[in-house]
Amino acid sequence: MVNIAIFASGGGSNALEICTYFENHPNIKVSVIITNKPNAGVIGVASKFNIPSYIIGKKNMEDGSLIAILENHKIDFVILAGFLLLIPTMFVRQFENRILNIHPSLLPAYGGYGMYGHFVHEAVYKNKEKISGMTIHLVNEKYDEGRIIFQAECALDVHDKPEQIAEKVLKLEHKYYSQTIENYINSFVS
Ligand code: GRF
């Protein structure tokens, strides 16, 4: 069995999709959920699926205690789903090529420090972009710069406000993240 950990800071709608997709999967299991926000929606997702969850702080990412949690649960891959803390270098090295992130734009456009959530969609809106989309990529030491694994785009309408852009992009995330995780892991371990 390949064990995955989901890291999320927010509502957890991607985490919900991923947990549902892998609930009865033959070789991939969501074994732990990590958040840095005590009131994050993802904690409810963890209890719905009976998955152990941990609330951690920035310090735990650097002092080895988060790594220890992941080792206890024999975690092979880390899936970031709206996780807002930067992953420290030591952590990236430990899980080299085994951390995936999803970003709500067509990277390299609208990525980097401070570009997350509604900030991304507002910038896309301001620039009157005709398309947006989402990117699934490997994580390295820099925000949003790891190797791109998968992208999907959506057409934007002139009337789309940032909220509508966010909705369209989130739909793509829900549609593609789980199967991209599955394909990536299976190609990695086979
Ligand atoms: C998604 O748009 C994701 O791309 C971004 O944060 C959002 C998370 O949404 N990194 P949710 O918490 O999964 O609902």
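See the structure above.
Just so it is clear, the model here is predicted, and its values are computed rather than measured.

Visitor: In this structure, what is going on with the overall build of the chain? I would like to understand it.
Guide: Each helix and strand counted, the chain has seven helices and seven strands in total. Sequence-ordered secondary structure for the chain, helices as α and strands as β, is β-α-β-α-β-α-α-β-α-β-α-β-β-α. Principal-axis analysis of the C-alpha atoms places the extent of the chain at approximately 50 × 35 × 35 Å. Taken over 190 residues, the chain has a buried fraction of 47%.

Visitor: Would you mind going over the sheet that holds strand β6 (residues 131–138) with me for this structure?
Guide: Picture the strands of a sheet paired through backbone hydrogen bonds; they go either parallel or antiparallel. The seven strands are arranged β3-β2-β1-β4-β5-β6-β7 in an open sheet whose pairing can be described as mixed. Looking at strand neighbours, the two that pair on one side only are β3 (53–55) and β7 (148–155), the edges of this open sheet. Taken pair by pair, the neighbouring strands of this sheet meet at an average axis angle of 20 degrees, ignoring direction. Of the strand pairs in this sheet, strand β1 (residues 2–7) and strand β2 (residues 28–35) are connected by six bridges, and their pairing is parallel. Within the sheet, the bridge partner assigned to V2 lies in β2 and is I28. Relative to β1, helix α1 (residues 13–21) is tilted by about 165 degrees, and along the sheet it contacts β1, β2, β4 (77–80) and β5 (99–103).

Visitor: Where do I start with the site of the ligand in this structure?
Guide: Close to the ligand lie G10, G11, G12, S13, N14, G82, I102, H103, P104 and E173, which account for all nearby residues. A distance of 2.6 Å separates an oxygen atom of the ligand from a polar side-chain atom of S13. Measuring from an oxygen atom of the ligand, one finds a backbone N or O atom of N14 at 2.8 Å. Isolated, the ligand exposes 370 Å² of accessible area, and the fraction of that covered by the protein chains is 81%.

Rules behind the numbers
- Residues numbered from 1 in each chain as written.
- Predicted model: local features only at pLDDT ≥ 70, side-chain atom pairs only at ≥ 80, totals over all residues.
- Heavy atoms only, no water.
- Helix = DSSP H or I, 4+ residues; strand = E, 2+ residues; numbered from the N terminus.
- Buried < 20%, exposed > 50% of the residue type's maximum accessible area, 1.4 Å probe, protein only.
- Pairing = 2+ DSSP bridges.
- Axes fitted to C-alpha atoms, helices over the stretch in contact; angles between N-to-C directions.
- Contact = heavy atoms within 4.5 Å.
- Near = heavy atom within 4 Å.
- Polar contact = N/O pair within 3.5 Å; in protein donor to acceptor, adjacent residues only side chain to side chain.
- Areas by Shrake-Rupley, 256 points an atom, 1.4 Å probe, with all protein chains shown as cover.

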